[in-house]
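So the chains spell out like this:
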Amino acid sequence: MKQFQERVAVITGGASGFGKEFARLGAALGMRLVLADVQQDALDATVAELRTQGARVIGLRVDVSKAEQVQALADAAIEAFGEVNLLFNNAGVGAGGLVWENSQKDWDWVLGVNLHGVIQGVRIFTPLMLEAAAREASYEGHIVNTASMAGLLNPPAMGIYNVSKHAVVSLSESLYQDLALVTEQVHCSLLCPYFVPTGIHQSHRNRPADLSNEAPPTRSQLVAQALSDKAVTSGKVSAEDVARMTFDAIREQRFYIYSHPHALAPVQQRFEDIVGQRNPGDPFAGKPQVRDELVAALRG
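Caption draft 1: Representation of the pattern of salt bridges within the structure. A full pass over the atoms with the stated rule returns 13 salt bridges. Arg-278 is paired through a salt bridge with Asp-273; the nearest N and O atoms lie 3.0 Å apart. A residue is classified by how much of its surface remains accessible, and Asp-273, at 7% relative accessible area, is buried. The network of salt bridges with common partners includes Lys-20, Glu-21, Arg-24 and Glu-49.

Given below as structure tokens:
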């Protein structure tokens with residue numbers, strides 16, 4: 001996609017983090033915007049900010065884990081602007097701890113947002129894009145799915161998050177191959193950010209009451225939360241930087257988007273372990289003191 005002026009972008013998780021920066025950049029490029037978020041006050045503030053800058057934007061409160069709400073989002077986008085050119089399946093939440101300590105409600109929440117939210121976006125919006133492409137030879141469509149470097153690696157005490165993001169990687173690579181079979185007008189990309197200050201470490205603020213645990217967090221969950229707080233807030237690459245990288249990739253029809261290319265070294269090592277039939281390597285080989293601290297914290 002080379003042209004953004006007057007094109008229509010739908011952005012889930014559009015009120016904060018990457019989503020908000022996608023919206024700001026899209027507005028600056030003259031796009032018409034449909035923002036979805038589960039946090040109403042942040043959504044209202046973002047819509048108001050963009051409108052003061054002259055953007056044509058609507059906002060809807062959407063829980064992307066609910067298929068009917070994603071369908072309502074698509075219906076609203078078509079009613080408001082007639083078509084969708086660019087879809088950011090971006091909404092996401094974070095959680096951690098030793099993988100066997102995650103409750104059923106933890107799994108339902110994390111997979112509901114991180115995986116099923118992307119599934120619903122792909123399932124509902126892709127046919128709309130293909131229909132538009134069939135009607136108009138000049139139509140261009142693009143889907144960006146937000147995964148994570150945790151979709152290419154398996155850091156410890158993050159198993160539930162890793163699982164959700166690995167599934168998004170697989171879904172997105174499958175989408176890329178399937179689209180190539182049927183169209184030259186609709187493309188997709190996979191965003192795999194590393195630690196970027198986005199607020200995802202505080203995503204429990206929007207956790208639904210019916211998916212909240214009655215039991216207090218385990219030791220490992222508290223440790224994982226502390227590690228996430230430190231890693232995310234200390235990130236040097238900004239969400240705005242990642243938005244620019246992502247739009248550049250859309251222009252160039254690049255599939256893989258990395259916020260921190262240097263983080264690919266352990267990805268390469270992981271795949272070499274797989275091909276070489278070796279046991280998974282030590283993720284802390286270069287920083288043994290981090291493993292020592294984590295072991296001490298978990299063992300008390």
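Caption draft 2: Just the sheet that holds strand E1 (residues 8-12), in detail. Across the sheet, 7 strands lie side by side as E3-E2-E1-E4-E5-E6-E7; this open sheet has parallel pairing. Edge positions in the sheet fall to strand E3 (57-61) and strand E7 (256-258), since each has one partner strand and no second. Geometrically, the sheet is characterised by an average inter-axis angle of 15 degrees between neighbouring strands, direction not taken into account. Direction of pairing for strand E4 (residues 86-89) relative to strand E5 (residues 141-146): parallel, over a ladder of 4 bridges. Bridge assignment links Asn-89 to a residue of E5, and that residue is Asn-145. In the packing of helix H2 (residues 40-52) onto the sheet, the strands contacted are strand E2 (32-37) and E3, and the crossing angle to E3 comes to about 180 degrees.

Cut-off values and rules
Residues numbered from 1 in each chain as written. Predicted model: local features only at pLDDT ≥ 70, side-chain atom pairs only at ≥ 80, totals over all residues. Heavy atoms only, no water. Salt bridge = Lys/Arg side-chain N within 4 Å of Asp/Glu carboxyl O. Buried < 20%, exposed > 50% of the residue type's maximum accessible area, 1.4 Å probe, protein only. Pairing = 2+ DSSP bridges. Helix = DSSP H or I, 4+ residues; strand = E, 2+ residues; numbered from the N terminus. Axes fitted to C-alpha atoms, helices over the stretch in contact; angles between N-to-C directions. Contact = heavy atoms within 4.5 Å.

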